[in-house]
Amino acid sequence: MRPAGACRALLAALDASEGRRGRRKRDTTPDAIGMSLKRQLLEEAVLSDPEPERFEAWLLERCLSSETASTGGKRAMAQEVLAEWRLTAASVEFRDWLEAGAPSEDRTP
């Protein structure tokens, strides 16, 4: 699976987690900010379709070219995206779960 395909599936998993975030009894503003940065990186990866061997460098370039005040947050989310990409490449079970739409028992219909 190319990074763009994995990122497309990770976007679907991110959508599934949004329902859970809304039900939490604490202030989830920081979560929303981080997830927004992550969503931006995932969407850019889907559009750019970087080569697998260049994906880490591609993510780094996105962080270094960031003109936002949240460069640290973007870097943290880029590290998370990279880790999830590596897990997708290494784990058939995780890849199958993503391709199935990231099902979860607590997902809202």
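Residues numbered from 1 in each chain as written. Predicted model: local features only at pLDDT ≥ 70, side-chain atom pairs only at ≥ 80, totals over all residues. Heavy atoms only, no water.

Enquirer: So what's going on with the packing of helix α3 (residues 55–64) against helix α4 (residues 71–90)? Which residues, and what values?
Expert: Contact geometry for α3 and α4: axes closest at 9 Å, N-to-C directions at 165 degrees. Taken together, the axis directions place α3 and α4 in an arrangement best described as roughly antiparallel. The element α3 and its partner α4 pack so that their crossing is right-handed. Contact with α3, carried on its side by Phe55, Glu56, Leu59, Arg62 and Cys63, involves Thr71, Lys74, Arg75, Ala78, Val81, Leu82, Trp85 and Arg86 of α4 and no other residues of that element. Across the contact of α3 with α4, the residue classes tally to seven nonpolar, one polar and five charged. (Axes fitted to C-alpha atoms, helices over the stretch in contact; angles between N-to-C directions. Helix = DSSP H or I, 4+ residues; strand = E, 2+ residues; numbered from the N terminus. Parallel < 35°, antiparallel > 145°, perpendicular 65-115°, else oblique. Left-handed = near helix turned anticlockwise from the far one by under 90°. Contact = heavy atoms within 4.5 Å. Nonpolar A, V, L, I, M, F, W, Y, C, P; charged D, E, K, R; others polar.)

Enquirer: Please set out the packing of aromatic side chains residue by residue, giving values where relevant.
Expert: Within this structure, the stated rule accounts for three aromatic pairs. Taking 5.8 Å as the distance between ring centres and 75 degrees as the angle between the ring planes, the aromatic pair formed by Phe55 and Trp85 counts as edge-to-face. Of this pair, Phe55 sits in helix α3 while Trp85 sits in helix α4, and the two are 30 residues apart along the sequence. Residue Trp85 is classed as buried on the basis of its relative accessible area of 10%. Put simply, the rings of Phe55, Trp58 and Trp85 pair up and form one aromatic cluster. (Phe/Tyr/Trp six-rings, centres within 6.5 Å; stacked < 30°, edge-to-face > 60°. Buried < 20%, exposed > 50% of the residue type's maximum accessible area, 1.4 Å probe, protein only.)

Enquirer: Explain the environment of Arg54 residue by residue, including any values.
Expert: Looking at where Arg54 falls in the secondary structure, it is placed in the loop between α2 (29–48) and α3. Among the residues examined, Arg54 registers a relative accessible area of 40% and is labelled partly exposed.

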